[in-house]
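# Inside the fold
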Amino acid sequence: MYLSKEAKAEIFAKHGGEATNTGSAEGQVALFTTRIAHLTGHLKKNKKDFSTQLSLQKLVGKRRALLAYLYKKDINRYRAIIKALELRDIIK
């Protein structure tokens, strides 16, 4: 994959608390955001890559579900991750 173990550990350390805390919702949202940005760049060059388009849609759905979970469980954590990753507030 395009992300090395060190890059993933850095993402989880920054957003998930520790580099080994790979299951935290904040860390997963940050990782999904990185992957979404990468796939979006790929699709700008390759407009007819429909399998990548499907993968991107699935990742966006997973990220949205995790954000909805955070919104429901702890609104402060939700607001913090939205602000840190500069995402739109999708849940109203």
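None of the values given here were measured: they were computed from a predicted structure.

What counts, and where the lines are drawn
- Residues numbered from 1 in each chain as written.
- Predicted model: local features only at pLDDT ≥ 70, side-chain atom pairs only at ≥ 80, totals over all residues.
- Heavy atoms only, no water.
- Helix = DSSP H or I, 4+ residues; strand = E, 2+ residues; numbered from the N terminus.
- Rg over C-alpha atoms; globule rule 2.2 N^0.38 Å.
- Buried < 20%, exposed > 50% of the residue type's maximum accessible area, 1.4 Å probe, protein only.
- Contact = heavy atoms within 4.5 Å.
- Areas by Shrake-Rupley, 256 points an atom, 1.4 Å probe, with all protein chains shown as cover.
- pLDDT = per-residue confidence, 0-100.
- Core = buried A, V, L, I, M, F, W, Y, C linked by side-chain atoms within 4.5 Å.

## Description of the overall build of the protein chain
Looking only at helices and strands, one finds four helices and zero strands in the protein chain. Listed N to C, the secondary structure of the protein chain is α-α-α-α in terms of helices and strands. The C-alpha radius of gyration of the protein chain comes to 14 Å, within 12% of the 12 Å expected for a compact globule of 92 residues. On the principal axes, the C-alpha backbone points of the protein chain span a range of 40 × 35 × 20 Å. The buried share among the 92 residues of the protein chain stands at 32%. Of the contacts made within the protein chain by residues no fewer than 6 positions apart, 42% connect residues no fewer than 24 positions apart. Of the accessible surface of the protein chain, which amounts to about 6,500 Å², a share of 53% is contributed by carbon and sulfur atoms.

## Considering the confidence of the model for the protein chain
Summarising the model, the protein chain shows a mean pLDDT of 91, and 98% of its residues fall at 70 or more. Mean pLDDT across the elements of the protein chain ranges from a minimum in helix α1 (residues 5-15), with 90, to a maximum in helix α3 (residues 50-73), with 96.

## What about the nonpolar core?
Judged by nonpolar contacts, the single largest core of 15 residues is most densely connected at V29, L67, Y78, I81, L85 and L87. Of all elements in the fold, only α1, α2 (25-45), α3 and α4 (75-85) reach the threshold of two or more residues within this core. In contact with L87, not counting residues within four places along its chain, are V29, T33, R63, L67 and I82. In this structure, I36, L39, L43 and L59 belong to the second largest nonpolar core, which totals six residues.

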